[in-house]
Amino acid sequence: LLVHQRAAAIGEALGKHQVAVGVKAGLSKLHLLLSQHEAKYPDYVTLKLDCKNAHNSVTRAAVLRHMRASPVVEVRELARAFWATMSPLSRAWGIDKLSEEGVQQGDGLAGVAFAVAIQPHIENAAVSLAPYDGIIPGCSDDVYIRAPANVAFTVAMKLRDALRTDLGLELQVTKSTAYARD
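All of these numbers come straight from a predicted model, not from anything done at the bench.

Quick notes on empty space enclosed by the protein
- For the structure shown, the criterion picks out one cavity of 30 Å³ or more.
- Roughly 80 Å³ of volume is contained in the largest cavity.
- Along its surface, the largest cavity is lined by L49, C51, F114, I118, I122, S140, D141, V143, L159, L163, L169 and L171.
- Those elements giving two or more residues to the lining of the largest cavity turn out to be helix 6 (108–129) and helix 7 (149–167).
- Of the residues belonging to the lining of the largest cavity, the class tally is ten nonpolar, one polar and one charged.

Here it is, written out as structure tokens:
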């Protein structure tokens, strides 16, 4: 209920790059965006990035820090609920934490928290892609980069480093993919 009440405002704030929260028909919009971009820039590559066990391994302290620093009031309002339910000391019924890190994938609050935590890194990558009309849309931990090959891979490696340093996330090369025109 807490997330549902704030979903529209959160979706509006994150929706330019992230369709996981508060964006109606988000996956359809993501697919359409990627398809249209590919039609417009057929020589660009598409990278699909995958972080190893992303939701379960993200650093909770960093997630909370990003929620509290969010420019979106509705996100900041959720920070206390995130802290209370995701704390290892929490006694919230139905939340079974086996570690002191990560978020509960599938929990609406965790989805917002994860999206908010990676958002500054996605925005930084978008700035690097903008001069080339590149894009970096995503749905939660599934992030795509479309740009000229040299730019796309350079931005992906910078994003990999930022996510590791700030959030404890590891880019999983074996599950990440690159698509290019024949």
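Topic: the environment of E77
- Tracing the sequence through the fold places E77 in helix 5 (residues 73–86).
- Note on E77: relative accessible area 44%, which makes it partly exposed.
- Separated by ten residues in the primary sequence, E77 and M67 have C-alpha atoms spaced 8.6 Å apart.

Side note on the pattern of salt bridges
- Following the criterion strictly, the structure yields six salt bridges and no others.
- Note that K48 and D142 form a salt bridge whose closest N and O atoms lie 3.3 Å from each other. Note that K48 is positioned in strand 1 (residues 45–49) and D142 in strand 3 (residues 142–147), a separation of 94 residues in sequence.
- Using a relative accessible area of 16% as the deciding quantity, one classes K48 as buried.
- Overall, D142 belongs to the partly exposed group, its relative accessible area being 26%.

Rules of the game
- Residues numbered from 1 in each chain as written.
- Predicted model: local features only at pLDDT ≥ 70, side-chain atom pairs only at ≥ 80, totals over all residues.
- Heavy atoms only, no water.
- 1 Å grid on protein atoms, 1.4 Å probe; cavity = no way out; pocket = protein on both sides within 12 Å on 5 of 7 lines; lining within 4 Å.
- Points joined across faces, edges and corners; volume = space filled by probe spheres on them.
- Helix = DSSP H or I, 4+ residues; strand = E, 2+ residues; numbered from the N terminus.
- Nonpolar A, V, L, I, M, F, W, Y, C, P; charged D, E, K, R; others polar.
- Buried < 20%, exposed > 50% of the residue type's maximum accessible area, 1.4 Å probe, protein only.
- Salt bridge = Lys/Arg side-chain N within 4 Å of Asp/Glu carboxyl O.

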